[in-house]
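Here are the chains, one letter per residue:
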Amino acid sequence: MGLIYGYDIYLRPRNTARALANLAELAPPARAVPPLEITLPGGDRLVLPFTSHFKSEPVSCSTNSTLELDMSLMFDGDDALREYAQTNGLEPEADGRIQIGYIYATIRFESLLHPGYTSVECWAATSEMSRLFARSANIRKVFTDLTADSGGVCCLFDTGDGTPEQVCWLNGEPTRETVSGPRFPDRRALVATWSDSDK
C-alpha cells in the first residue's frame, strides 16, 4: 500500500455547492470528457469538469451520504511542483500553472468528525503525488484558500498513516497545529473550536 496524503476541508452543508464550484475553477481549461451534472442533497445543481468513478453520467446525491469525484487541478508553480513536472514530463501552462495527475475527492455530507459539517477530502492518487502534497507550499495554499473562499471552518493535512494530522486553517486563520498536539490532544478538542455562524 502506497502513501495516501490529502487535504480535508470542513464546512457547513450550505457551503458545499460553493466549495465544489471553487474546485471547478481550478480545473484545466480543456477537458477530453463531458461535464458532470451533480444534484446535491439540498437540491442545488452543478455542472463540474470532473468525473465520478471515471464516468460522466448525472449523479443525484439525494439518497447518498457521499459523492466521489475524479479531478485534475492546476497549481501555480513552485520549486516542488516544477521538479515534479520535470520528472514526469509535464509542461507548465503559459501562465506558469502546472497540471498534476488525478486527485480523488470524497465529499461526505455528514463528516466523520461532526455530522453537522460536510467534509471535502482531496487525496493524492499516488505515493509520488502524496510526497508532492507534503512538499509544495502552493498546493497547501490552494487548499487553505479553498477553505477560506468556501466558508470552511477547518482544513487538515492528513497522511492517513496514524501520524498527527496538521491543522492548516482554522476559523479564518492559517495555522500549523497538530492533532494530537499540545493545543488539540484529539479530534474532539479540535472540533470544539470550530466557529458556527448559526449560533
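What counts as what
Residues numbered from 1 in each chain as written. Predicted model: local features only at pLDDT ≥ 70, side-chain atom pairs only at ≥ 80, totals over all residues. Heavy atoms only, no water. Salt bridge = Lys/Arg side-chain N within 4 Å of Asp/Glu carboxyl O. Buried < 20%, exposed > 50% of the residue type's maximum accessible area, 1.4 Å probe, protein only. Helix = DSSP H or I, 4+ residues; strand = E, 2+ residues; numbered from the N terminus. Polar contact = N/O pair within 3.5 Å; in protein donor to acceptor, adjacent residues only side chain to side chain. Phe/Tyr/Trp six-rings, centres within 6.5 Å; stacked < 30°, edge-to-face > 60°.

Before we go on, may I ask you to explain the pattern of salt bridges in this structure?
Summed over the entire model, instances satisfying the criterion amount to 7 salt bridges. Two residues, Arg-45 and Glu-37, come together in a salt bridge whose shortest N-O distance is 3.9 Å. By relative accessible area, which is 63% here, Arg-45 ends up exposed. The exposure class assigned to Glu-37 is partly exposed, which follows from its relative accessible area of 32%.

I'm lost on the side chain of Ser-111 in this one. Help?
Tracing the backbone through its elements, the reader meets Ser-111 in the loop between strand S8 (103–108) and strand S9 (118–124). Here His-114 takes part through its backbone oxygen, which lies 2.7 Å from a polar atom of the side chain of Ser-111.

Would you mind going over the packing of aromatic side chains with me for this structure?
The description of an aromatic ring pair rests on the distance of the ring centres and on the angle between the ring planes. Taken as a whole and assessed by the stated rule, the structure comprises 12 aromatic pairs. Measuring from ring centre to ring centre gives 6.2 Å for Tyr-102 and Tyr-104, while their planes differ by 5 degrees; the resulting arrangement is stacked. For Tyr-102, a relative accessible area of 36% translates into the label partly exposed. Aromatic side chains Phe-133 and Phe-143 sit 6.0 Å apart centroid to centroid with 50 degrees between the ring planes, which places their arrangement in the tilted category.

I tried to follow unusual backbone geometry on my own but got confused; where do I start?
For the bond running from Val-179 to Ser-180, omega is 10 degrees, close enough to zero to count as cis. Considering the arrangement of structural elements, one finds Ser-180 in the loop between strand S12 (173–179) and helix H5 (187–191). The backbone of His-53 shows a phi angle near 55 degrees, a positive value even though the residue is not glycine. By the secondary structure assignment, His-53 is in the loop between strand S3 (45–48) and strand S4 (59–60). Overall, His-53 belongs to the exposed group, its relative accessible area being 55%.

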